[in-house]
Amino acid sequence: MLLIAALVVTLAEPALRADTLKELHILAPPSSHGSLGGVIQWDTLLTKQQIVRLPFSGLSDCLSRLPQYLPVHFGETAAWHQLRFGAIPPRGVALELGARPWSDPVVGLISPELYPPEFVERIEAVWGSRAVVLGWNSAGALLNIVPVRWRAGRPYSRLWYLNAAYGTGGSDGGLSWNFHPRWGVHLGYRRVASGGRFPNGWANLWNVRSVLQWTPTPKLTVTLSELFTSWNGGLNGGIDVARTPQWWDELTAQVRFPQLNERLSRHDATVAMTFQQDSATTLNAQLWGVRAWWEQQHREEFQPPEAGTVLPASGWSTLQMGLRLRGEHAAAPFALLAGVDLLWERIPKELAEGGWKGALYGLLRYATRGWEVYGGMRLLRHVGGTVVVGGGGARIALGEHGWGMLDMARGVRIAAPLEQGIASEEVRMLLGQVQWGHGGIWLEGGGGIQRLLNAVIASSGTSLQPSQIPSNATTVLLLWSRTRWSVHNYSAELAVTGVLPFEGAQNLAGSLRSFLTVERRWEFGQASQLWVSLTWELLHHARPLQWLPVVWVGVVRNDMDPVWQHTGGELLVGARLGQAFVRLWLRNILGVAWYRVAWYPQPGRSLLFTLSWAFWED
């Protein structure tokens, strides 16, 4: 009844006049605030306009539809989902929050599931040389989450509600208001919880966010933000196939770790400043602090850790302070982006040595008459020594409607304290990409060669001891493509991603992933819309990749045969009614058994319902 009443009030609320914000002279932040920058070319993978049309329980559901990345998705709601970029494991895919590093100093990664999708303006992505130069500890891929930007002349609220199978429920609420032409404030929360489909697959995720924004002039914006996150979950390690003949059977399936649980509490406080003198000159500064607490409960079900493995029985706490200064200037035909990163970390001595880390970096671009060349370098100083990474590339226009790019890079990922005794991973890549679009057709293709040196894997399926494989057995071919077709109110999209290990790379997980989406839309007036889409995904696991919790490292099961799977089909019915968005998502129509990571079953036939609505939307 509460949802119905809120929906009725929303539809009855008169729209805010278009000139209201202009009359109030509310100053908008510069477009580069929270962005990677204007000197480099980045892809916009997702926008807030796209997210509001998607069914999701978390940000990982939105990112799983991207063709360039392979989702490491564990099936359960609010689990510790991650992303791979070809052969680059999740620790090598750098995540940034408002253009500043976002990770855990001990674990070496963080899950995008911890960030509220309703508070995303857009997600920017770069790979290759641009990623290793700009990203902190990136092995060749970088994703930046730009927090939502608002201009609300009066209090503006947005609410989100989730209801799904397996005891899943969630909500998100936010209130934004520019109470002064130069000042704005945002307060919000999010909570998602699930009982889990299989034993010890439960999760409870919630966070509270607050942002104070000051824009004294159209050229300058300063924000003070705080994001508190609490994540609790059962890490069952997937199904124990040795004891479960039918790993998808909810009644008889035996999980590998029925008593392994983990909890993360984390404060992210950030002061960010952007000064945009003009379209050619921008200065950015971020000062942040992170306090995190990890707690673990694993009892006696693990084998005793082998020598060199760090696995505290009760957990640990860390403190991180960081400063990033970055500036960019364009004076045709040249453009330069340069910056410095400073990071101080306090880590328990039994885990690793803390202290200062720092980096200097620069990226130079030369562009003229439809083509450009660029190159950059990053000098990183950390407790283990000094590392130099970088690369360059070229981009050329293909007529009026397309472009092509070639990029070469060398990236190094410093091993996390949890991987004690492991040398740094090194990645060498040669990648290319082509995009072309005209009218209702959009074509995109990319790929190249990735070579991993000292790749980190798990030594077995039961031990938590990471190990490394020979450098001469880690070369793969990465391919991706996407074709979109749209005419009138019909559209279709076909995307394909392939990671093909060369002969002899027995310890890398090859895969082939393709998905097709067909959609039909109907328009009703200016503010109402209905859309229906059908999606089918096909997956080929050349070698099943089994993921180990806590250390978050994969072990390739060479003893298993290649596996072909499909998702059983997904039907989405969505509607926009004024400022309300309703989504019904029927997952796995055929009720088939499938997984993205062995053996973490994806949901069976089930219905997911989400509802978003806004009051006084700007």
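Residues numbered from 1 in each chain as written. Predicted model: local features only at pLDDT ≥ 70, side-chain atom pairs only at ≥ 80, totals over all residues. Heavy atoms only, no water.

Enquirer: Explain the side chain of Arg158 to me, please; I cannot follow it from the model alone.
Expert: By the element assignment, Arg158 lies in strand β7 (residues 156-164). Separated by 3.1 Å, the side chains of Arg158 and Glu118 make a polar contact. (Helix = DSSP H or I, 4+ residues; strand = E, 2+ residues; numbered from the N terminus. Polar contact = N/O pair within 3.5 Å; in protein donor to acceptor, adjacent residues only side chain to side chain.)

Enquirer: What's the story with the side chain of Asp61 in this structure? I'm lost.
Expert: Topologically, Asp61 is positioned in helix α4 (residues 59-63). Beyond its immediate sequence surroundings of up to four residues, Asp61 is in contact with Pro55, Phe56 and His73. (Contact = heavy atoms within 4.5 Å.)

Enquirer: I tried to follow the packing of aromatic side chains on my own but got confused; where do I start?
Expert: In this description, an aromatic ring pair is defined by two values, namely the gap between the centres and the angle between the planes. Applying the stated criterion across every chain, the model contains 20 aromatic pairs. Aromatic side chains Trp102 and Tyr115 sit 6.2 Å apart centroid to centroid with 80 degrees between the ring planes, which places their arrangement in the edge-to-face category. Taken together, the positions of Trp102 in the loop between β4 (93-97) and β5 (120-127) and Tyr115 in the loop between β4 and β5 put the pair 13 residues apart, joining distant regions of the chain. Of the two residues examined, Trp102 and Tyr115, each falls in the buried class. Ring pairs connect the aromatic residues Phe74, Trp80, Trp231, Trp294, Trp316, Trp552 and Tyr600, which therefore count as one cluster. Above the face of the Trp127 ring, Arg130 is positioned so that its terminal group lies 5.3 Å from the ring centre. The ring of Trp585 carries the charged tip of Arg587 above its face, separated from the ring centre by 5.6 Å. (Phe/Tyr/Trp six-rings, centres within 6.5 Å; stacked < 30°, edge-to-face > 60°. Buried < 20%, exposed > 50% of the residue type's maximum accessible area, 1.4 Å probe, protein only. Lys NZ or Arg CZ within 6 Å of the ring centre and 35° of its normal.)

Enquirer: Mind showing me how you'd approach the sheet that holds β4 here?
Expert: Paired through backbone hydrogen bonds, the strands of a sheet run either parallel or antiparallel to each other. A sheet is described by the order of its strands in space; here 4 strands give the open sequence β1-β5-β6-β4, paired in mixed fashion. A single partner strand is all that each edge strand has here, and the edge strands are β1 (43-47) and β4. The sheet shows a mean angle of 20 degrees between the axes of neighbouring strands, taken without regard to direction. Across 4 bridges, the pairing between β1 and β5 is antiparallel. In the sheet register, Thr44 faces β5, and the bridge partner there is Glu124. (Pairing = 2+ DSSP bridges. Axes fitted to C-alpha atoms, helices over the stretch in contact; angles between N-to-C directions.)

Enquirer: Mind showing me how you'd approach empty space enclosed by the protein here?
Expert: Applying the stated criterion to the full structure yields 12 cavities of 30 Å³ or more. In this structure, the largest cavity encloses a volume near 460 Å³. Along the walls of the largest cavity sit 30 residues, with Ser103, Gly108, Leu109, Trp136 and Asn137 positioned nearest its centre. Every element with two or more residues in the lining of the largest cavity is listed here: β3 (82-84), β4, β15 (334-346) and β17 (371-382). The element best represented in the lining of the largest cavity is β4, accounting for 4 residues. Residues of the lining of the largest cavity, tallied by class, amount to 19 nonpolar, 6 polar and 5 charged. (1 Å grid on protein atoms, 1.4 Å probe; cavity = no way out; pocket = protein on both sides within 12 Å on 5 of 7 lines; lining within 4 Å. Points joined across faces, edges and corners; volume = space filled by probe spheres on them. Nonpolar A, V, L, I, M, F, W, Y, C, P; charged D, E, K, R; others polar.)

Enquirer: Would you explain the layout of surface pockets in this entry?
Expert: In this approach a probe as big as a water molecule rolls over the atoms, and the regions it shows empty are the leftover space. Looking at the largest pocket, its volume works out to about 850 Å³. In terms of lining residues, the largest pocket is bounded by 30 residues, among which Gln50, Leu54, Arg482, Arg484 and Glu493 are the most central. Here the lining of the largest pocket is composed, by residue class, of 11 nonpolar, 10 polar and 9 charged.

Enquirer: I would appreciate a short explanation of the nonpolar core in the present structure.
Expert: When a protein is soluble and globular, its nonpolar side chains tend to lie buried together. Residues Tyr69, Trp80, Phe85 and Tyr115 are the most contacted members of the largest nonpolar core, which totals 112 residues. Per element, the largest residue contribution to this core is 5 residues, and it comes from β5. Not counting the four nearest positions on each side in its chain, Phe85 is found in contact with Gln68, Tyr69, Val93, Trp127, Gly140, Ala141, Met429, Leu431, Gln450, Leu478 and Trp480. Membership of the second largest hydrophobic core comes to 8 residues, among which are Ala253, Val255, Tyr595 and Ala598. (Core = buried A, V, L, I, M, F, W, Y, C linked by side-chain atoms within 4.5 Å.)

Enquirer: Help me understand the confidence of the model for the protein chain in this model?
Expert: Parts of the prediction with low pLDDT should not have their coordinates interpreted in detail. Averaged over the protein chain, the pLDDT score is 86; the fraction of residues at 70 or greater is 89%. Strand β11 (residues 220-234) holds the highest mean pLDDT among the elements of the protein chain, 96, whereas helix α1 (residues 2-12) holds the lowest, 37. When the criterion is pLDDT under 50, residues 304-310 qualifies, and its contacts beyond four places in sequence or with other chains add up to 13 contacts. (pLDDT = per-residue confidence, 0-100.)

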